[in-house]
Each structure stands twice: as C-alpha cells, then as structure tokens.
Amino acid sequence: MRYLFGFLCVCALGMVPLVGCGETSGDGGSGGSAGGAGAGGTGGGMGDVFPCTEQGIRDAIAEGGGPHFFACDGTTPVVTQTEIAIDNDVILDGAGKLTIDGNESHRVFSVPETVTAELRGFTISSGAVESDNGGGVHNAGTLTLRSCVVENSVGGGILNDGKLTLADSKVSGNTTATGFGGGIYNRGEVTLANTTVSGNDATLGGGGLLNDSG
C-alpha cells in the first residue's frame, strides 16, 4: 500500500507504516520529527584511522568491521568522483566532520543486499540520479544512519529497499522531479528515531516520505 507524506510528524517509534499527522499527499516539502531509541549497525571492536579522502573511505569499507575513523582537520568536504558502494559489513564514523559530496553528478552511497553497515556523523550531500530515486543513498541491505544529514540531492534523498534506521539524523532539501518521495522513498522497512524530515520536495507527491512497502 502506498502512503504519501507531504508533512511528516511521526509520534512513535516503529517500522513503517509510520504513524503520521498532517498532509497525506501533495508536492510540497515536509517537516516534523520522529522520536525513540535507535538501533542497528555492525559489531566489533575499535577500528583504524584512515585518510579523510574518498580513497580513505573506500579503504575503510574494504577493511570492514570498525568503527573506523578519519583523520580530518576540522570540517572537511570530500567531493567524490563516482558512487561509493558500501559492499562490506562496516561501521564508519565521520565524527561530524565529513561531508561526502556527489557534485550533483552521481549517487553518493549505495548498500547492496546482505550487507550490514552503519554511518555515524556524516553529511551526505548533492547526490544525483536521473531515472531512479535515492540521489543521496540507495539501501538494499541493512543500514543505520546515526547523527547524519542527508541533504540537497536530486532524485530524492534516500531510496530504501532493505532495512533502514535513521537515529538523531536529518533529511532535508532533497528534490525529485520525476517521481515520489523527495526525502525518503521507502519500499522496505524504515525506523525513524529522533529524526527530522523537512524541506524536501517531490513533483508527483510525498515530498517528505513515500511509503510503498506493502
């Protein structure tokens, strides 16, 4: 069953369908927050420290495990050359310093099936897809975004086909001109915990969130 959310105000933690209030359709942006305790991510002890670069991120993913950290000298934008596939079970901790920028030319992150991953303290920005959703992130595995921002992507912020948890995070300023779900397009399971979805736009409706999971 498809649910359109133009204004998102989730009042309780849980898997979708989400408990919402406000608009149920339309092409405008959305606002609101969701509360509750977050969960998810992979296990393991302390990881390594990698360079604060695109290659450093790729190397941390290849090593797996974690949490892995990055040697950033303050807030650091990393403009990526191509989409980064998180194809290994891993925890990456950006410590609130890393902005991963797709330069409006490609999707920023993807997570394939069977992979369990967690991103902490990342800003995921300026991704783009032309004929699909999820300019910022496409998740088909099990993904936790903790203390992350997903912003300013074209083709929508997040496309979820797996299990997705957003905790203490923000999804804002994402747009899609060719479909639904400007902020989040869900076709799997989503949990929102202390997360705000606001200021997103979708031409065909569901500016904040489209739930198409059932």
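A few points on the structure. (Residues numbered from 1 in each chain as written. Predicted model: local features only at pLDDT ≥ 70, side-chain atom pairs only at ≥ 80, totals over all residues. Heavy atoms only, no water.)

**Details of the pairing of strand β14 (residues 163–167)**
For clarity, the threshold we go by: Each residue's exposure class comes from its accessible area (1.4 Å probe, protein chains only) as a fraction of the maximum for that residue type: buried when under 20%, exposed when over 50%, partly exposed otherwise. To qualify as a helix, a DSSP run of H or I must reach at least 4 residues; to qualify as a strand, a run of E must reach at least 2; elements of each kind are numbered from the N terminus. Paired strands, in this sense, are two strands between which DSSP finds at least two bridges.
Here β14 lies mainly inside the structure; 4 of its 5 residues are buried. Relative to β14, strand β11 (residues 142–146) runs parallel, the two being bridged by 5 bridges. Looking at the pairing, Thr144 lines up with Thr165 of β14. Alignment of β14 against strand β18 (residues 189–193), held across 5 bridges, turns out to be parallel. Bridge pairing in β18 links Leu166 to Leu192.

**A closer look at the pattern of salt bridges**
To keep things clear, this is the line we draw: Think of a salt bridge as a Lys or Arg side-chain nitrogen and an Asp or Glu carboxyl oxygen that are within 4 Å of each other.
Considering all chains together, one arrives at 5 salt bridges under this definition. Here Glu118 ties to Arg120 by a salt bridge, and the two come within 2.7 Å at their closest N and O atoms. Arg120 gets classed as partly exposed once you look at its relative accessible area, which sits at 25%. For Glu118, the salt bridge goes to Arg146, with nearest N and O atoms at 3.0 Å. Highlighted residues: Glu118 in strand β9 (residues 116–125) and Arg146 in strand β11, separated in sequence by 28 residues. Taking the relative accessible area as the measure of exposure, Glu118 reaches 2% and is therefore buried. According to the relative accessible area criterion, Arg146 is partly exposed, its value standing at 22%.

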